[in-house]
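Below are the chains, spelled out letter by letter.
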Amino acid sequence: MNDVKLAVLGGEGTGKSALTVRFLTKRFIGEYASNFESIYKKHLCLERKQLNLEIYDPCSQR
Ligand SMILES: Nc1nc2c(ncn2[C@@H]2O[C@H](COP(=O)(O)OP(=O)(O)OP(=O)(O)O)[C@@H](O)[C@H]2O)c(=O)[nH]1
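Residues numbered from 1 in each chain as written. Predicted model: local features only at pLDDT ≥ 70, side-chain atom pairs only at ≥ 80, totals over all residues. Heavy atoms only, no water.

- As named in an unreviewed UniProt entry, the protein is small monomeric GTPase, taken from Homo sapiens.
- For the protein, the Catalytic activity (unreviewed entry) comment in UniProt is given as "GTP + H2O = GDP + phosphate + H(+)". (UniProt positions renumbered as here; feature names shortened; annotations may be inferred.)

Below is the structure:
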């Protein structure tokens, strides 16, 4: 089992949360409460390897 940690980086309002949630749920959700950071965890199988994926989605500084 491999652990993979991923951070989503980008400018304010560029769609970091939308991209992350779409990857995890296959759905586009238009609006978020984006004033807090989130860590998502997902278990997946990629090329026959089991992965524990942790995705860090930071909130922009305002
Ligand atoms: N039409 C469209 N709108 C998008 C897309 N991705 C993001 N948006 C919109 O762009 C806005 C910002 O998206 P977020 O995912 O909140 O962006 P973010 O980078 O996480 O924002 P911060 O954390 O505030 O910096 C939201 O209103 C989304 O609905 C897309 O692929 N298409």
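Let's pick the thread back up.
**Observations regarding the pattern of salt bridges**
Alright, step 1. Applying the stated criterion across every chain, the model contains one salt bridge.
Alright, step 2. The residue Glu-54 makes a salt bridge to Lys-41 at a minimum N-O spacing of 3.9 Å. Linking Glu-54 in strand β3 (residues 49-57) with Lys-41 in strand β2 (residues 38-46), this pair joins segments that are 13 residues apart in sequence.
Alright, step 3. Taking the relative accessible area as the measure of exposure, Glu-54 reaches 25% and is therefore partly exposed. (Salt bridge = Lys/Arg side-chain N within 4 Å of Asp/Glu carboxyl O. Helix = DSSP H or I, 4+ residues; strand = E, 2+ residues; numbered from the N terminus. Buried < 20%, exposed > 50% of the residue type's maximum accessible area, 1.4 Å probe, protein only.)

**A look at the environment of Arg-48**
Alright, step 1. Position of Arg-48 relative to the elements: it lies in the loop between β2 and β3.
Alright, step 2. A relative accessible area of 81% means that Arg-48 is categorised as exposed.

**Remarks on the pairing of β3**
Working note: regular strand, side chains alternate between the two faces of the sheet.
Alright, step 1. As defined by bridge partners, strand β1 (residues 2-7) adjoins β3 across six bridges and the pair is classed as parallel. Looking at β3, one finds that Asn-2 is bridged to Leu-51.
Alright, step 2. Pairing geometry for β2 and β3, over nine bridges, is antiparallel. Opposite Leu-44, over in β3, you have Leu-51 as the bridge partner.
Alright, step 3. As consecutive antiparallel partners, β2 and β3 are separated by two residues, and within that stretch Glu-47 has a phi angle of approximately 50°, a positive value. (Pairing = 2+ DSSP bridges.)

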